[in-house]
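Next come the chains, spelled out residue by residue.
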Amino acid sequence: VPLTGEGYDRALIYGLPSFLIVVALAVRSQVRQGFLTLLGDASFSIYLTHQPILSALGKILQRFFPNVNGDMAAFLVIVVLVLIGTVTYLIIERPILGGSQWRVQ
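Residues numbered from 1 in each chain as written. Predicted model: local features only at pLDDT ≥ 70, side-chain atom pairs only at ≥ 80, totals over all residues. Heavy atoms only, no water.

1. Some details on the environment of Thr 88
Point 1. When you line up the elements, Thr 88 lands in helix α4 (residues 70–96).
Point 2. Overall, the relative accessible area of 22% leaves Thr 88 in the partly exposed class.
Point 3. When the C-alpha positions of Thr 88 and Leu 48 are compared, they lie 9.6 Å apart, and in sequence the two are 40 residues distant.
Point 4. Excluding residues that lie within four positions of it along the chain, Thr 88 makes contacts with Ser 45, Thr 49 and Glu 93. (Helix = DSSP H or I, 4+ residues; strand = E, 2+ residues; numbered from the N terminus. Buried < 20%, exposed > 50% of the residue type's maximum accessible area, 1.4 Å probe, protein only. Contact = heavy atoms within 4.5 Å.)

Below, the structure written as structure tokens:
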């Protein structure tokens, strides 16, 4: 199914599924540890690293993959940004914080 659309079609193709994913995550029971907790802990590292990596990935995609589908490029870039930010958190940020957990109980 080609994921293209404009106006109301785009809202149905992208907006409705995105909304349902957010609602599903919001209403599910909360867990203390897991993948989503790791992403939450790594969110600041992801935020700090995303801009320079996004710039570099854009240049790499333009140079080596000029005909890649925009949706596929966005998906790949997001995955790479999250992976690099999470690795940065695990290697740099968490050891600096002494492994302490700054969560409200």
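2. Here's the deal with the packing of aromatic side chains
The geometry of an aromatic ring pair is captured by two quantities: the separation of the ring centres and the angle between the planes.
Point 1. In total, this model carries one aromatic pair according to the counting rule given.
Point 2. A cation over a ring is seen here: Arg 63 above Phe 64, with NZ or CZ 5.5 Å from the ring centre. (Phe/Tyr/Trp six-rings, centres within 6.5 Å; stacked < 30°, edge-to-face > 60°. Lys NZ or Arg CZ within 6 Å of the ring centre and 35° of its normal.)

3. Focus on a nonpolar patch on the surface
Point 1. Taken together, the side chains of Ile 60, Phe 64, Phe 65, Val 68, Met 72, Phe 75, Leu 76, Val 79 and Leu 83 present a nonpolar region at the surface, about 850 Å² in accessible area.
Point 2. Those elements giving two or more residues to the nonpolar patch turn out to be α3 (43–64) and α4.
Point 3. A total of five residues in the nonpolar patch trace back to one element, the largest contributor, which is α4.
Point 4. Inspection of the secondary structure assignment puts Met 72 in helix α4. (Patch = residues over 30% accessible without salt bridge, like charges linked within 9 Å, V, L, I, M, F, W, Y side chains within 5 Å. Areas by Shrake-Rupley, 256 points an atom, 1.4 Å probe, with all protein chains shown as cover. Salt bridge = Lys/Arg side-chain N within 4 Å of Asp/Glu carboxyl O.)

4. Remarks on the side chain of Thr 86
Point 1. Within the fold, Thr 86 resides in helix α4.
Point 2. We classify Thr 86 as buried; its relative accessible area is 9%.
Point 3. With residues near it in sequence (within four places) discarded, Thr 86 still touches Leu 38, Leu 39, Ala 42 and Ile 46.

5. Considering the nonpolar core
Proteins that are soluble and globular tend to have nonpolar side chains buried together.
Point 1. Counting residues in each nonpolar core, the largest one holds six residues, listed as Ile 53, Leu 57, Leu 61, Ala 73, Val 77 and Leu 81.
Point 2. Secondary-structure elements contributing two or more residues to this core are α3 and α4.
Point 3. Every residue in contact with Leu 81, bar those within four places of it in the chain, is listed here: Ile 46, His 50, Ile 53, Leu 54 and Leu 57. (Core = buried A, V, L, I, M, F, W, Y, C linked by side-chain atoms within 4.5 Å.)

Nothing here speaks to function; it is geometry throughout.
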